[in-house]
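The chain contents come next:
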Amino acid sequence: MAAPAYPTWVTRWVSGQWRNKKRPPTLRPSRTLALADKVASRREQSTEATCITEMSVMMACWKQNDFNDAACAEEIRMFYDCVARTEKERKNQNEDTMSSRGSLPSSKVNKLLKRFPQMTRYV
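Residues numbered from 1 in each chain as written. Predicted model: local features only at pLDDT ≥ 70, side-chain atom pairs only at ≥ 80, totals over all residues. Heavy atoms only, no water.

- If you check an unreviewed UniProt entry, the protein chain appears there as CHCH1 protein from Hippolais icterina.

**A short note on the UniProt feature "domain: CHCH" (unreviewed entry) in the protein chain**
Right, so step 1: Using the residue numbers shown here, the UniProt feature "domain: CHCH" (unreviewed entry) corresponds to residues 51-84.
Right, so step 2: Helix and strand shares over residues 51-84 are 74% and 0% respectively, and the end C-alpha atoms of the span are 10 Å apart. (UniProt positions renumbered as here; feature names shortened; annotations may be inferred. Helix = DSSP H or I, 4+ residues; strand = E, 2+ residues; numbered from the N terminus.)

**A word on the packing of aromatic side chains**
Think of a pair of aromatic rings as described by two things: how far the centres are apart, and how the planes are tilted against each other in angle.
Right, so step 1: Under the definition given, this model contains one aromatic pair.
Right, so step 2: With 5.8 Å between their ring centres and 50 degrees between their planes, Phe 79 and Tyr 80 make a pair best called tilted.
Right, so step 3: Since its relative accessible area comes to 15%, Phe 79 is described here as buried.
Right, so step 4: Residue Tyr 80 is classed as exposed on the basis of its relative accessible area, which comes to 54%. (Phe/Tyr/Trp six-rings, centres within 6.5 Å; stacked < 30°, edge-to-face > 60°. Buried < 20%, exposed > 50% of the residue type's maximum accessible area, 1.4 Å probe, protein only.)

**Quick word on the nonpolar core**
Right, so step 1: Of all hydrophobic cores here, the largest spans seven residues; its members are Cys 51, Met 58, Cys 61, Cys 72, Ile 76, Phe 79 and Cys 82.
Right, so step 2: For this core, the element with the most residues is helix H3 (residues 73-95), which contributes three residues.
Right, so step 3: With sequence-adjacent residues up to four places away left out, Ile 76 is seen in contact with Met 58, Trp 62 and Asp 69. (Core = buried A, V, L, I, M, F, W, Y, C linked by side-chain atoms within 4.5 Å. Contact = heavy atoms within 4.5 Å.)

**So, the state of the cysteines**
Right, so step 1: Inspection of the entire model under this criterion finds two disulfides.
Right, so step 2: Here Cys 51 is linked by a disulfide to Cys 82, with a sulfur-sulfur distance of 2.0 Å. Around the S-S axis, the bridge from Cys 51 to Cys 82 shows a dihedral of about -95 degrees and counts as left-handed. You can see Cys 51 sitting in the loop between helix H1 (8-15) and helix H2 (52-64) and its partner Cys 82 sitting in helix H3, a full 31 residues away along the chain.
Right, so step 3: For Cys 61, the disulfide goes to Cys 72, at an S-S distance of 2.1 Å. In this structure the cystine formed by Cys 61 and Cys 72 twists about its S-S bond by roughly -95 degrees; its chirality is therefore left-handed. (Disulfide = S-S within 2.5 Å.)

**Looking at H2**
Right, so step 1: Taking 1.5 Å as the rise per residue, H2 with 13 residues should run 18 Å; its terminal C-alpha atoms sit 18 Å apart, in good agreement.
Right, so step 2: Note on H2: the residue one or two positions beyond its end, Asp 66, has a positive phi of about 55 degrees. (Expected span 1.5 Å × (residues − 1).)

**Notes on the pattern of salt bridges**
Right, so step 1: On inspection of all chains with the given rule, the structure shows three salt bridges.
Right, so step 2: Between Glu 87 and Arg 90 there is a salt bridge; the shortest N-O distance is 3.7 Å. Remark: Arg 90 and Glu 87 occur in helix H3; sequence separation between them is three residues, near one turn of the helix.
Right, so step 3: Given the relative accessible area of 32%, Arg 90 is considered partly exposed.
Right, so step 4: Beyond isolated ion pairs, a larger network of salt bridges with shared partners links Glu 74, Arg 77 and Asp 81. (Salt bridge = Lys/Arg side-chain N within 4 Å of Asp/Glu carboxyl O.)

**Examining helix H4 (residues 106-115)**
Residues separated by three or four positions in an α-helix point in the same direction, a consequence of the helix having 3.6 residues per turn.
Right, so step 1: Within H4, the full set of buried residues consists of Ser 106, Asn 110 and Leu 113. An end-on view of H4 places all buried positions within 65 degrees of arc, on one side of the element. For H4, exposure combined with an orientation more than 90 degrees from the buried face picks out Lys 111 and Arg 115. (Arc of directions from axis to C-beta.)

Here is the structure:
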């Protein structure tokens, strides 16, 4: 079976020679190709509410005991323990420089760009 014969304009169009055998135009950027001084800050992850159960138990105890801290010492301690545990987990998570997507958060990128500024002139 013979290969199909296409018109010459189709062959030129497919091969990129459709503009009178001219090369495609070169792309010239409107600005110099350099990194910006900083990137836009964005929220890395949505923060969810933690220790809600412990807080509601503590507030219910306060309401029952006319907001007396001595009667609700155990509930207050449980709430503060939960807050401390959550803060410790958040610090450990923030110490990891890479996020789950494998990219740096915007705060770390801004720190690096301040530390290593863009050179605009050669010495």
